[in-house]
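Below are the chains, spelled out letter by letter.
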Amino acid sequence: MLLFYKILKVGVVTEPLAPGEPDVIEVAREVETKARRLLGRAVAIREVDAGSCNGCEIEITGLTGPVYDSERFGIHFVASPRHADLLLVTGPVTRNMEVPLLKTYEATPDPKVVVAVGDCARTCGVFRGSYAVVGSVDAVIPVDVFVNGCPPEPADILRGILTALDRLPQRKGRGDGA
Amino acid sequence: MAPELLLLALSVANYAVGALAALIFRGMVGRALVAVGALVGSLGTLALGAWCLATGATLAFAAPWLPLTGLALRADGLSAFFLVVVGLGGAAASVYGFGYSAHYDGRYSLRLLGAMFNVLLLSLAIQVLADNALTFLVTWEAMSLSAYLLVLVEHDQHGTVRAANWYLAVTHAGFAALVAAFLVLAGGDMTGSFAAMRSATLPPATRNVVFLLALVGFGTKAGVIPLHVWLPMAHPVAPSHVSALLSGVVIKMGVYGLMRVALDLLGGGPPWWGGVVLGLGAVSALLGVLYALMEHDLKRLLAYHSVENVGIILLGVGAGLMFQSYGLPGLATLGFIAGLYHTLNHACFKGLLFLGAGSVLYATHTRNMEQLGGLISRMPRTAACFLVGAAAISALPPLNGFASEWLVFQTLMGGALVPHPEAAIGMAIAVAMLALTSGLAVACFVKAFGITFLALPRSAEAERAREVPTSMQVGMLVLVGMCVALGLTPFLVVPVLSRALAGLGGLPVTPIGFSLRLPFSVSGVTGEMSPLLVGVGVLLLGTLTAVVLRGVADRRLRIGDTWGCGRVGQTPRMEYTATAFAEPLRRVFAELYRPTEDLSIDFHPKSKYFVRSIAYRSEVEPWFERLLYTPLLSALRGAAVRVRQVQAGSLHLYLAYMTIALLALLVVARWSR
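Residues numbered from 1 in each chain as written. Chains lettered and ligands numbered in written order. Predicted model: local features only at pLDDT ≥ 70, side-chain atom pairs only at ≥ 80, totals over all residues. Heavy atoms only, no water.

A. Expanded view of the overall build of chain B. If you tally the helices and strands in chain B, you get 26 helices and four strands. What you see for chain B is a C-alpha radius of gyration of 26 Å, in line with the 26 Å of a compact globule of 673 residues. Across its three principal axes, chain B shows a C-alpha extent of roughly 95 × 70 × 55 Å. Within chain B, the fraction of its 673 residues that count as buried is 52%. Restricting the contact set of chain B to residue pairs at least 6 apart, pairs at least 24 apart contribute 79%. Of the charged side chains in chain B, 42 are positive and 30 negative, and the gap between their average positions amounts to 3 Å. (Helix = DSSP H or I, 4+ residues; strand = E, 2+ residues; numbered from the N terminus. Rg over C-alpha atoms; globule rule 2.2 N^0.38 Å. Buried < 20%, exposed > 50% of the residue type's maximum accessible area, 1.4 Å probe, protein only. Contact = heavy atoms within 4.5 Å. Lys, Arg positive; Asp, Glu negative; His and termini not counted. Charge placed at Lys NZ, Arg CZ, Asp CG, Glu CD.)

B. A look at the side chain of B:His305. Residue and element names in this part refer to chain B. Looking at where His305 falls in the secondary structure, it is placed in helix H13 (residues 298-325). Residue His305 is classed as buried on the basis of its relative accessible area of 0%. If near-sequence neighbours (up to four positions away) are discounted, His305 is found in contact with Val289, Ala292, His346, Lys350, Ile393, Ala441, Cys444 and Phe445.

C. Highlighting the pairing of strand E1 (residues 43-49) of chain A. Here E1(A) runs beside strand E2 (residues 75-77) of chain A; their pairing, made up of three bridges, is parallel. When the bridges of E2(A) are listed, A:Val43 appears paired with A:Ile75. (Pairing = 2+ DSSP bridges.)

D. Seen up close, the environment of B:Thr470. All names here are of chain B. Looking at where Thr470 falls in the secondary structure, it is placed in helix H20 (residues 470-488). Judged by its relative accessible area of 58%, Thr470 is exposed. Between the alpha carbons of Thr470 and Tyr96 there is a distance of 8.8 Å; along the sequence they are 374 residues apart.

E. Region of interest: the side chain of B:Arg586. All names here are of chain B. On the secondary structure map, Arg586 appears in helix H23 (residues 578-588). Polar contacts involving the side chain of Arg586 include one to the side chain of Tyr616, which spans 3.2 Å. Not counting chain neighbours up to four residues away, the residues in contact with Arg586 comprise Met294, Tyr593, Pro595, Glu597, Tyr616 and Ser618. (Polar contact = N/O pair within 3.5 Å; in protein donor to acceptor, adjacent residues only side chain to side chain.)

F. Here's a closer look at the pattern of salt bridges. Residue and element names in this part refer to chain A. For the structure shown, the criterion picks out 21 salt bridges over all chains. Two residues, Arg36 and Glu32, come together in a salt bridge whose shortest N-O distance is 3.5 Å. Residue Arg36 and its partner Glu32 are both found in helix H2 (residues 22-38); the two are separated by four residues, about one turn of the helix. Among the residues examined, Arg36 registers a relative accessible area of 55% and is labelled exposed. (Salt bridge = Lys/Arg side-chain N within 4 Å of Asp/Glu carboxyl O.)

G. Region of interest: the state of the cysteines. All names here are of chain A. Tallied over the full model, the rule gives zero disulfides over all chains. Note on Cys56: no disulfide assigned, nearest cysteine sulfur contributed by Cys53 at a separation of 6.2 Å. Residue classification places Cys56 among the buried positions, given a relative accessible area of 10%. (Disulfide = S-S within 2.5 Å.)

H. Broad picture of the interface of chain B and chain A. Taken together, the contact between chain B and chain A spans eight residues of the former and 16 residues of the latter. Both faces considered, chain B and chain A share a buried interface measuring about 880 Å² in area, 45% of it formed by carbon and sulfur atoms. Inspection of the chain B/chain A interface yields zero salt bridges. Here chain B and chain A share one residue pair in polar contact (both at pLDDT 80 or more) between them. The residue makeup of the side of chain B that touches chain A, split by class, is two nonpolar, two polar and four charged. (Buried area = accessible area lost by both parts, 1.4 Å probe. Nonpolar A, V, L, I, M, F, W, Y, C, P; charged D, E, K, R; others polar.)

I. Expanded view of the confidence of the model for chain B. Residue and element names in this part refer to chain B. Of all residues in chain B, 95% have pLDDT values of 70 or greater, and the mean over the chain is 88. When the elements of chain B are averaged for pLDDT, helix H22 (residues 531-552) gives the smallest value, 81, and helix H16 (residues 380-393) the largest, 95. Contacts for the low-pLDDT stretch residues 516-525, under 50 throughout, to residues beyond four places or in other chains number 20 contacts. Both confidence scores are given for the complex: pTM 0.87, ipTM 0.73. (pLDDT = per-residue confidence, 0-100.)

J. Looking closely at the environment of B:Trp272. All names here are of chain B. In this fold, Trp272 is placed in helix H12 (residues 271-293). A residue is classified by how much of its surface remains accessible, and Trp272, at 37% relative accessible area, is partly exposed. Along the backbone, Trp272 and Ser325 are 53 residues apart, and their C-alpha atoms lie at a distance of 9.1 Å. The residues contacting Trp272, other than those within four sequence positions of it, are Asn208, Phe211 and Leu212.

K. Highlighting the sheet that holds E1(A). All names here are of chain A. Strand order in the open sheet formed by five strands is E2-E1-E3-E5-E7, with parallel pairing between adjacent strands. Of all the strands in the sheet, just E2 and strand E7 (145-147) have a single pairing partner and so form its edges. Strand after strand, the sheet turns through a mean of 30° between neighbouring axes, direction not considered. Relative to strand E5 (residues 113-117), strand E3 (residues 86-90) runs parallel, the two sharing five bridges. Residue pairing in the sheet places Val89 in a bridge with Ala116 of E5. Strand contacts of helix H4 (residues 95-107): E1, E3 and E5, with the helix running at about 170° to E1, the strand carrying the most contacts. Across the sheet, helix H6 (residues 154-166) is in contact with E1, E2, E3, E5 and E7; its angle to E7 comes to roughly 175°. (Axes fitted to C-alpha atoms, helices over the stretch in contact; angles between N-to-C directions.)

L. Quick peek at the environment of B:Leu73. Residue and element names in this part refer to chain B. Structurally, Leu73 can be placed in strand E2 (residues 71-74). The spatial distance from the C-alpha of Leu73 to the C-alpha of Ala63 is 8.7 Å, given a sequence separation of 10 residues. Dropping the residues within four chain positions of it, Leu73 is found in contact with Leu8, Leu59, Ala60, Phe61, Ile126, Leu129, Ala130, Asp131 and Thr135.

M. A look at the nonpolar core. If you look at the biggest cluster of nonpolar residues, it comprises 197 residues, and the most contacted ones within it are B:Phe82, B:Phe136, B:Phe182, B:Met253, B:Met259, B:Phe336 and B:Leu412. Top element by residues in this core is helix H14 (residues 329-364) of chain B. It accounts for 20 residues. Those residues in contact with B:Phe136 that sit more than four places away from it in its chain are B:Gln127, B:Ala130, B:Phe182, B:Phe194, B:Phe218, B:Tyr256 and B:Gly257. If you look at the next biggest cluster of nonpolar residues, it comprises 31 residues, including A:Val24, A:Val27, A:Val113 and A:Val145. (Core = buried A, V, L, I, M, F, W, Y, C linked by side-chain atoms within 4.5 Å.)

N. A look at helix H1 (residues 2-10) of chain A. Burial analysis of H1(A) places just zero of its nine residues in the buried class, a small minority of the element. Of the residues trailing H1(A), A:Gly11 is marked for its positive phi of about 70°.

O. Region of the structure containing H13(B). Residues and elements named next belong to chain B. End to end, H13 covers 41 Å across 28 residues, agreeing with the expected 40 Å (1.5 Å per residue, within 8%). Within H13, 26 of the 28 residues are buried, which leaves the element mostly enclosed by the surrounding structure. By the N-cap criterion, in which a side-chain oxygen at the helix start approaches the backbone nitrogen of a residue two or three places on, H13 is capped by Asp297, the distance to Lys299 being 3.0 Å. Positive backbone phi, at 75°, marks Gly327, one or two positions downstream of H13. (Expected span 1.5 Å × (residues − 1).)

P. Region of interest: the packing of helix H3 (residues 77-100) of chain B against helix H11 (residues 252-265) of chain B. Residues and elements named next belong to chain B. Remark: H3 packs on H11, axes separated minimally by 11 Å, with the N-to-C direction vectors making an angle of 180°. In this view, H3 runs roughly antiparallel relative to H11, as classed from their interaxial angle. Where H3 approaches H11, its residues Leu78, Ser79, Phe82 and Val86 are matched on the opposing element by Lys252, Met253, Val255, Tyr256, Met259 and Arg260. (Parallel < 35°, antiparallel > 145°, perpendicular 65-115°, else oblique.)

Q. Spatial organisation of a nonpolar patch on the surface. Residues and elements named next belong to chain B. A grouping of Leu20, Leu23, Ile24, Phe25, Met28, Val29 and Leu33 is seen on the molecular surface, where their side chains present a nonpolar patch of about 660 Å² in accessible area. Mapping Leu33 onto the fold places it in helix H2 (residues 27-55). Given a relative accessible area of 30%, Leu33 falls into the partly exposed group. (Patch = residues over 30% accessible without salt bridge, like charges linked within 9 Å, V, L, I, M, F, W, Y side chains within 5 Å. Areas by Shrake-Rupley, 256 points an atom, 1.4 Å probe, with all protein chains shown as cover.)

R. Layout of unusual backbone geometry. Here the residue pair A:Asp110 and A:Pro111 is connected by a cis peptide bond, since its omega of -10° sits within 30 degrees of zero. Summarising the element assignment, A:Pro111 is placed in the loop between H4 and E5. Residue B:Pro226 follows B:Ile225 across a cis peptide bond; omega there is 10°. Within the fold, B:Pro226 resides in the loop between helix H8 (204-222) and helix H9 (230-237). Its identity is not glycine, yet A:Cys124 carries a phi of approximately 75°, on the positive side.

Here it is in structure tokens:
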């Protein structure tokens, strides 16, 4: 009973999209149609934090929040790379995360694509030269798409995912490699 | 000389030779002679049973010149069937025992083991042929005592002596009940012959007393809950081929005895007899599997499954008794067939599983599943055999467990035809309990096989395990073959069983064929299945899948590490444990288990973020010991202390007792004349 009372009392708290933002939804819709065409289902994403400051993670979490609610567009975050089509890697790769990142990449079934999110993933950002950092993500695993920004907005991440989906093999020629 | 007698003489002589050879020869020669004696004897027993079943020959042999009422043997269908069970279990166990007992050489008494193994087989073979009370009781006691000595072979191991003592106490309580039952049944007829008992007409109250005494007596042997406590203690500590024999064959003597007395000698009774047997069967089946789930000792787990399977057998037998008293002989025969079929099947797959567990024990020296793992790559043949046994006991088609459990289900479904609501409802409840039991059994064997054989080894012993010697593999393979054969050919087995039952307790002589259409015509209540077709289907499906995977689908295959959340090294400590596997069910059935948990963590004195060791202990409440046996034992103890006062150790007192007893006897003798 308390739950229903709370629901009634609080009401709707999500904010409307700011002007100019609706095109994000369009990008998400595109992702949905593309995933449906390529995979016949939702695109499954495994997020790997290779040593990020968690700024990118906050933006990625924003994707699944009430404003974007990416699950409704078939953008599905999964708990194991075994289930994933796409890896979303953030941060410079630290020494401790080098092997886990490689193992995650190997554990992901083919065909797969890798999206490196954030400036650190490309250039190591302010962490460049640190004794704890191995290097950028593409120094460890092959990267298909880089998403710039510190941190990138959810819309940018969505565009990155959309671009990456294009690199998945076309459905007709499934056998000819990823 | 008739072939039956010849076969009997052959098998008795070989058992005797095997037993004597154990006493005379040592080492390799002794083991070989014991195995050969037991094997040829068992094959003789098997041949005798099969011959009697096939030709309908009845063996009759009497030696009345022996003391008291003498020896009397007779083989009817029921005896012949159980001879097959004894012979089959004995043959596999004796081949296996040759290799298995090798590591006993120099550590434990091979003489005791070899001699008692043969004596046990001999008493089993004679017992099912017994045709008078004395023969039956003497061989029953010989069986119990030789089994007791066999349990005691590894006497210096922890818990063995305690287990053997429990077994001895419970089995003798049961024996006392049996003696009483036969005395009442004989009703003053001092020959104690079974023929006289069959024809005697006893008042209903006496018949009820006999039935209840027999139920207690045979129930202790069969391990029916709540008389089962000795079983999970004694079976695990015995040598493994003996465990196979104990679980596969010896406890079935309880089923044999119950059918012999209730169905044959008493000729059936009021419906509540069957109801009691049915209820005990349902409770044993369900509680047996529930306790098995909590066990992490491989052989104890199997022992609890014996309780479960005896429960399933009794479901069939109990339903048969009920249908018989309600005047539905067709269904009654089906019920008994289901019980007997499951008896034979259980002897095969439980024998196989115990032999498999014995191989694991032989290779790793531990029964604790938490110390095992990874054995499938080290002992592939043992693993394959154990897997077949596990699939059979889980009642997966097309193996034998499925065929007989299906029959039990069908019989119980027939309860809908009984015109008494209480019986019909009771059987419906039994169906539900059996269904739950089957499901839980699958879960339990996923645990038993998965934790023991798959993943990484959890201890150095498991790491070093090697495949067992050929003789042990042969012992297991024989039973694997039987599991498959009995599963695929119920259409051959069922008519034979119906012939074996014909004539017992007024059951119809007409043999039931295996259409598995229920033998009554009610529209919509039919059920058919053909394990052979299921087997072909499984085979076809497997081939089809393989073809599709190889030919049609993407051929590129990568074999990678097991996903371990990206950790650098995979260690056995990251594996699923048996405790963890059973945890959800322990929570669901917490009301039954009442688990006690004890978690102690040893932190580093400087910081609690560094844990030096974690100890976790959890136990399941032993209900039966606490509620039934502890009060019983303390009452017995109290009585014994009181009796102790009479036996004061004074010679004068004893002389006085004797005088008083003599005088009392004289007075009684005078009075009664």
